Amino acid sequence: MRTTAEAARRFLLARHLLTPARSVPGGRDGVLEVLRRFGSIQFDPIAVAGRNHDLVLHARVADYDPAWCDQLYERREIFEATNKALSFIPAGEFPWFRLGFGRKGPRFHAQILAENAEVAERVLGRIRAEGPLSTLDFEVEHGAAKDWFGMPENVVRAVLEAYTVSGEIGLARREGNRRYYDVVERLLPAELLAREVPVREQLRHRMLSRYRAHGLLGAAGAGGTFDRIAPPRSTPERVGRDTLREELVESGALVSVEVEGLRGRRFVLGEESALLQAPPEPVASVAFIAPFDALLWDTALLSNLFDFHYVWEGFFKPEKRRWGYYVLPICFGDRFVGRIEPRIDRDRARVQVLDLWWEDGFAPRRADGFVDAMRDALRAYLPFAGADRLEWAPHLAAEERLFNLCP
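Here's a quick rundown of the structure. Owing to the predicted nature of the structure, the values given are computational and were not obtained by experimental measurement.

A short note on the overall build of the protein chain
Across its full length, the protein chain holds 14 helices and 16 strands. Its C-alpha atoms give the protein chain a radius of gyration of 22 Å, within 12% of the compact-globule value 22 Å for 407 residues. Seen through its principal axes, the protein chain has C-alpha atoms that stretch 65 × 55 × 40 Å. In the protein chain, which comprises 407 residues, the proportion classed as buried is 55%.

Focus: the side chain of Gln-42
By secondary structure assignment, the location of Gln-42 is in strand β2 (residues 41-42). Of the residues examined, Gln-42 reaches a relative accessible area of 16% and is grouped as buried. Beyond its immediate stretch of four places on either side in the chain, Gln-42 contacts Asn-52, His-53, Ala-85, Leu-86, Ser-87 and Phe-292.

Examining the pairing of strand β8 (residues 178-183)
The pairing of strand β7 (residues 169-175) with β8 spans six bridges and is antiparallel. Looking at the pairing, Arg-174 lines up with Arg-179 of β8. Hairpin connection, β7 to β8: the antiparallel pair is bridged by two residues, and Gly-176 has positive phi, about 70°.

Considerations on the nonpolar core
Ranked by size, the top nonpolar core spans 101 residues in total, and within it Phe-288, Phe-370 and Met-374 carry the most contacts. Per element, the largest residue contribution to this core is nine residues, and it comes from helix α13 (residues 370-384). Setting aside its immediate chain neighbours within four residues, Phe-370 contacts Val-286, Ile-330, Phe-332, Val-337, Trp-358, Phe-362, Pro-364 and Phe-403. Judged by nonpolar contacts, the second largest core, of 17 residues, contains Leu-203, Leu-217, Phe-226 and Leu-248.

About the cut-offs
- Residues numbered from 1 in each chain as written.
- Predicted model: local features only at pLDDT ≥ 70, side-chain atom pairs only at ≥ 80, totals over all residues.
- Heavy atoms only, no water.
- Helix = DSSP H or I, 4+ residues; strand = E, 2+ residues; numbered from the N terminus.
- Rg over C-alpha atoms; globule rule 2.2 N^0.38 Å.
- Buried < 20%, exposed > 50% of the residue type's maximum accessible area, 1.4 Å probe, protein only.
- Contact = heavy atoms within 4.5 Å.
- Pairing = 2+ DSSP bridges.
- Core = buried A, V, L, I, M, F, W, Y, C linked by side-chain atoms within 4.5 Å.

Now the structure itself:
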């Protein structure tokens, strides 16, 4: 299958439910519709502009309220799993995610349980007897486990994560960013827990889930897209990603595509190939895109297809940033036209716009429909942020006048 760059660009935004933005009917059903489309949405606790999964959903679901996702979590209709990163996944897909990977893979986490057997037994015993517990319910114990920075990690924390990877326990709830764990049989229906899916099928499902999330990935993915699923090539001991992908192509789940101007094959879902052949016309609609939105995974594709150079600068030192700490790309029609840095001040019920950057050659006043679409996006963002007013940095006085929300 072959397609033009223009068709690929329009397809990608249409299948990401952004033409127009916020077009999925609101409510918990709308959240589930998006989750079922993408397979998973990355969770990130940083909330300066809204948590990542909330921003993803806000861009697609009309009048999105973060409480909807929280309610689905409490009702066990979604659950957390590692799928490229920590993600929310429809609960019905649990049998295909039994093979947990965690931060460093199942072998690492199995070793944590083996090396800390006494602590592990005590932690699991208390959860079984007492119900949901967090790390704060246990005394800190240090051991050989290391955190992200190479420092000794609380063994209880490491054991809890290892048990989530093995499937013994799961996340019962969150209070802020604090996680409470419970045994999995109290968290999910018995019929889901009873269903056994062969390991190879689980791996194939995970491969497909990454293509579901993005929509137009190449064979190698991008930025660790296929990390911890399988090695690229098969060995006598393990099936490889190349084999899994070809099985998906042979079954019709994936279709190989050549995109004008792009090197190498890309793949779309079989059920979306018709949309690629006849994507809709662009719509004068603005969406603010979350930093870890799957649409942004393949930065090389963004550069080649959209002429948009994206780098997440949140982990950069301030002096190394070209833009800012928590910056959201601005999508308009079938293009990325700029970046915005909003900051939610919950104590004062306001949103501060710290900065705006426009792409070279883009003039907001001259882009047909952009000013009204940008105002609509800002109006939608305020209730999402729990705010009743927008405040602009002093150097953005011209933008404040242009996008004035007052009637």
